[in-house]
Amino acid sequence: IQGSTNWAAGGTVIDRQSAVSTYGFYLYQTRGIYLKNMVIINAGTAVLVYESPGCRFEYVTCKGSSSYGIQLSKCTASFDQCVARDNTTAGLSLDAANVVWQNGIIWGDSHAVTFSSGSGVFSNSILRASGSGKRIFNLGAAGSAKGDYNDLIHAEGAYVGGVIAP
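Bear in mind the structure is a predicted one, so any value in this text is a computation, not a measurement.

Description of the environment of Ser144
No. 1: If you trace the backbone, Ser144 turns up in strand S13 (residues 135-148).
No. 2: By relative accessible area, which is 34% here, Ser144 ends up partly exposed.

With respect to the state of the cysteines
Joining two cysteines, a disulfide is a covalent bond between their sulfur atoms.
No. 1: In total, this model carries zero disulfides according to the counting rule given.
No. 2: No disulfide involves Cys55; its nearest neighbouring cysteine sulfur is the one of Cys75, lying 6.7 Å away.
No. 3: Accessibility expressed as a relative area gives 6% for Cys75, which makes it buried.

What to know about the packing of aromatic side chains
No. 1: The final tally for this structure, using the stated rule, is eight aromatic pairs.
No. 2: Centre to centre, the rings of Tyr28 and Tyr50 are 5.6 Å apart; their planes meet at 5 degrees, and the pair counts as stacked. Highlighted residues: Tyr28 in strand S2 (residues 23-28) and Tyr50 in strand S4 (residues 45-50), separated in sequence by 22 residues.
No. 3: Since its relative accessible area comes to 23%, Tyr50 is described here as partly exposed.
No. 4: Judged by centre distance (5.4 Å) and plane angle (55 degrees), the ring pair of Phe122 and Phe137 falls under tilted. Here Phe122, found in strand S11 (residues 111-123), pairs with Phe137, found in strand S13; they are 15 residues apart in sequence, far enough to count as distant.
No. 5: On the basis of relative accessibility, which here comes to 0%, the residue Phe122 falls in the buried class.

Some details on the pattern of salt bridges
No. 1: Summed over all chains, the structure comprises three salt bridges.
No. 2: Across the pair Glu58 and Lys36 runs a salt bridge, and its minimum N-O distance is 4.0 Å. Highlighted residues: Glu58 in strand S5 (residues 55-63) and Lys36 in strand S3 (residues 34-41), separated in sequence by 22 residues.
No. 3: The shortest N-O distance in the salt bridge between Arg85 and Asp86 comes to 3.0 Å.
No. 4: In this structure Arg85 comes out as partly exposed when scored by relative accessible area, which is 31%.
No. 5: One salt-bridge network, in which partners are shared between bridges, spans Lys36, Arg56 and Glu58.

Procedures and definitions
- Residues numbered from 1 in each chain as written.
- Predicted model: local features only at pLDDT ≥ 70, side-chain atom pairs only at ≥ 80, totals over all residues.
- Heavy atoms only, no water.
- Helix = DSSP H or I, 4+ residues; strand = E, 2+ residues; numbered from the N terminus.
- Buried < 20%, exposed > 50% of the residue type's maximum accessible area, 1.4 Å probe, protein only.
- Disulfide = S-S within 2.5 Å.
- Phe/Tyr/Trp six-rings, centres within 6.5 Å; stacked < 30°, edge-to-face > 60°.
- Salt bridge = Lys/Arg side-chain N within 4 Å of Asp/Glu carboxyl O.

None of the figures reported here should be taken as evidence of function without further support.
Structural data, given as structure tokens:
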């Protein structure tokens, strides 16, 4: 699914206009979806991927969601040059999911990345969490994160990482 590359004219913007229980994209039991050049704003969750292996995202921005920017469950996905910013709960949430995130930004969210289970590999990216007790990597007992060449920013009492209490 290819959006416009004409960023000067605004590009392709999906504005849900109601950040309660809405999705920009909900991928359910699909395989190999490729989403490129999209901006998704004002959703409950901008992108939800459930039981959908091998999805790929490039130049996708998810901002202003009342819950998650991107939520992955029981799937694998890769993100290149994507942005998740100013989402209320977390920029990226993983539940039994595996993700590769490279050359992207997760900024302005309470937690940058939340793992109940699953794994993430992050490279050449900027990740930021802010607020007392918030985390860049909020890991569940079965979550793991690996990274290389990232800029990790924790502000206003946030931590780089921690484990979610059982």
